[in-house]
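Structural features, examined
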Amino acid sequence: MIQMNELIKTFKQNDGSVAVDGRDLHDFLEVETPYTKWIDRMMEYGFAENVDFSVFDKNVHDDTAFGGVRKMKDHALTLDMAKELSMIQRTKKGKQARQYFISMEKQAKFKQQLPLPKDYPSALRALADSMEENQKLKPAADYTQKMLANPGLETTSMIAKNYGMSTAKFNQLLHKMGIQYRQGKTWLLYAKYQNCGYTHVEPFAYFDQKVGTKKVANTMKWTQLGQKFLYDFLASQHILPQVERLTLLKG
């Protein structure tokens, strides 16, 4: 049985943060595209060097190379980037890798918990506080988990419903925030977000009652990456899904 710490190679960087070896992740995900082409394509999703990843040379054994060693370009990925790359693949391996990185984060947070209580009553109080905090965070975690667990595309109307808004109001909100603009009957992302893999535009057929004929129009749907972007962006503006707002009110 594979141990969790052996699933995908990680290492600590000079600043103490945990990084994921890009080539090892590529191998684990069983991506058929060569690593250099694959990682270049992944960079198009908007990852930034020295923020989400860093580049380094990796020595690999090669009998055909001088001295039996060949240098190859590799990448040290943050856990967040590794999770997103795993999610983008939309495969069982990608899901397994993402769950592994989430488990690593939970273990790291557990180790950073407060020092052990000095006595038994203090331990009971700490346990009660911890259980109460977990109950407060559970609805938010459930919402994010369900959002990221869906590998398909999501309509704006469904996302708007999660925020307790009408589709029209939600579209206008995203427009005011500089995320999207309207072209005809279709909402599209502004240039700054267009090549980030956030949305997919697809045609749909509808019946025009005014002229009595069938027509085709385009509609924009959100990818997993796009849904996460919206969640993070709106949260930064203190706009939360209904389930999280209710949790805060109860707290």
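Structure: above.
An account of the accompanying structure is given in this report. (Residues numbered from 1 in each chain as written. Predicted model: local features only at pLDDT ≥ 70, side-chain atom pairs only at ≥ 80, totals over all residues. Heavy atoms only, no water.)

Topic: the environment of Gln 194
Convention followed: Where helices and strands are cited, they refer to DSSP runs of H or I of at least four residues and of E of at least two residues respectively, numbered from the N terminus. Burial classification: accessible surface area is computed with a 1.4 Å probe over protein chains only, and a residue below 20% of its type maximum counts as buried, one above 50% as exposed, and the rest as partly exposed. The contact definition used throughout considers only heavy atoms, calling two residues in contact when any of these lie within 4.5 Å. Two N or O atoms form a polar contact when they lie within 3.5 Å of each other; inside protein one atom must be a possible hydrogen donor and the other a possible acceptor, and for residues adjacent in sequence the pair counts only when both atoms belong to side chains.
Mapped onto the elements of the fold, Gln 194 is located in helix α8 (residues 191-194). Judged by relative accessible area, Gln 194 falls into the partly exposed class, the value being 43%. Taking the C-alpha atoms as reference points, Gln 194 and Gln 180, 14 residues apart in sequence, are found 9.4 Å from one another. If sequence neighbours within four positions are ignored, Gln 194 has contacts with Tyr 181 and Leu 189. Among the polar contacts listed, one links the side chain of Gln 194 to the backbone oxygen of Leu 189, at a separation of 2.8 Å.

A short note on the sheet that holds strand β4 (residues 69-78)
Using the following cut-off: When DSSP finds two or more bridges between two strands, those strands count as paired. In this analysis an axis means a line fitted to C-alpha atoms, helices contributing only their contacting stretch, and an angle means the value between N-to-C directions, from 0 to 180 degrees.
Read across the sheet, four strands follow the order β1-β2-β4-β3 without closing on themselves; strand pairing throughout is antiparallel. Looking at which strands have only one partner, the edges of the open sheet turn out to be β1 (10-12) and β3 (53-61). Taken over all neighbouring pairs, the strand axes of this sheet differ in orientation by 40 degrees on average, direction set aside. Summarising the sheet, β3 and β4 pair through nine bridges and their orientation is antiparallel.

Concerning the pattern of salt bridges
A side chain of one charge can pair with a side chain of the opposite charge when the charged atoms of the two come close. Here is the rule we go by: Just to be clear on terms, a salt bridge is a Lys or Arg side-chain nitrogen sitting within 4 Å of an Asp or Glu carboxyl oxygen.
For the coordinates displayed, the defined rule picks out six salt bridges. The shortest N-O distance in the salt bridge between Lys 58 and Asp 21 comes to 3.3 Å. Of this pair, Lys 58 sits in strand β3 while Asp 21 sits in strand β2 (residues 18-21); the two residues are 37 residues apart in sequence, bridging distant segments of the chain. An identical accessibility class is assigned to Lys 58 and Asp 21; each is buried. Across the pair Lys 58 and Asp 24 runs a salt bridge whose closest N-O atoms are separated by 3.7 Å. Taken together, the residues span a long stretch of sequence, with Lys 58 in strand β3 and Asp 24 in helix α1 (residues 22-29) at a distance of 34 residues.

Details of the side chain of Glu 154
How we decide: Charge assignment: positive for Lys and Arg, negative for Asp and Glu; neither His nor the chain ends contribute.
Structurally, Glu 154 can be placed in strand β5 (residues 154-155). Of the side chains bearing the opposite charge, Lys 221 lies closest to the buried Glu 154, which forms no salt bridge; the N-O distance is 7.8 Å. Look past the residues within four positions of Glu 154 in its chain and what remains in contact with it is Ile 159, Lys 221, Trp 222 and Gln 227.

Some points on the nonpolar core
Note the cut-off: Throughout this description, the term nonpolar core refers to a set of buried Ala, Val, Leu, Ile, Met, Phe, Trp, Tyr and Cys residues connected via side-chain atoms within 4.5 Å.
Counting 46 residues, the largest nonpolar core has Ile 8, Leu 25, Leu 85, Phe 101, Phe 170 and Trp 222 as its most contacted members. For this core, the leading source of residues is helix α3 (residues 79-89), giving six residues. The contact partners of Phe 101, leaving out residues within four places of it in the chain, are Ile 8, Val 20, Leu 25, Leu 79, Ala 82, Lys 83 and Ser 86.

A few points about α3
Taken across its 11 residues, α3 has 10 buried, putting it largely inside the fold. Among all positions of α3, only Leu 79, Met 81, Ala 82, Lys 83, Glu 84, Leu 85, Ser 86, Met 87, Ile 88 and Gln 89 are buried. Once α3 ends, the next one or two residues include Arg 90, with phi positive near 55 degrees.

With respect to α1
Judged by how many residues are buried, α1 sits mostly within the fold: six of eight residues are covered. Of the residues making up α1, those classed as buried are Gly 22, Arg 23, Leu 25, His 26, Phe 28 and Leu 29. Measuring from the backbone nitrogen of Arg 23 back to the side-chain oxygen at the start of α1 gives 3.0 Å, which picks out Asp 21 as the cap.

Some thoughts on the packing of aromatic side chains
Definition in use: Stacked, tilted and edge-to-face are the three classes applied to pairs of Phe, Tyr and Trp rings, where Trp contributes its six-membered ring and a pair requires centres within 6.5 Å; stacked means planes under 30 degrees apart, edge-to-face means over 60, and tilted covers the rest. We count a charge as sitting over a ring when the NZ of a lysine or the CZ of an arginine lies within 6 Å of the ring centre and within 35 degrees of the ring normal.
Taken as a whole and judged by the stated rule, the model has nine aromatic pairs. On the basis of an interplanar angle of 80 degrees and a centroid distance of 6.1 Å, the ring pair of Phe 11 and Phe 56 is categorised as edge-to-face. Placement of Phe 11 in strand β1 and of Phe 56 in strand β3 is noted, with a sequence separation of 45 residues between them. Look at Phe 11 and you get partly exposed, because its relative accessible area is 26%. Accessibility expressed as a relative area gives 25% for Phe 56, which makes it partly exposed. Positioned above the aromatic ring of Phe 28 is the side chain of Lys 93, whose terminal nitrogen or guanidinium carbon lies 4.3 Å from the ring centre.

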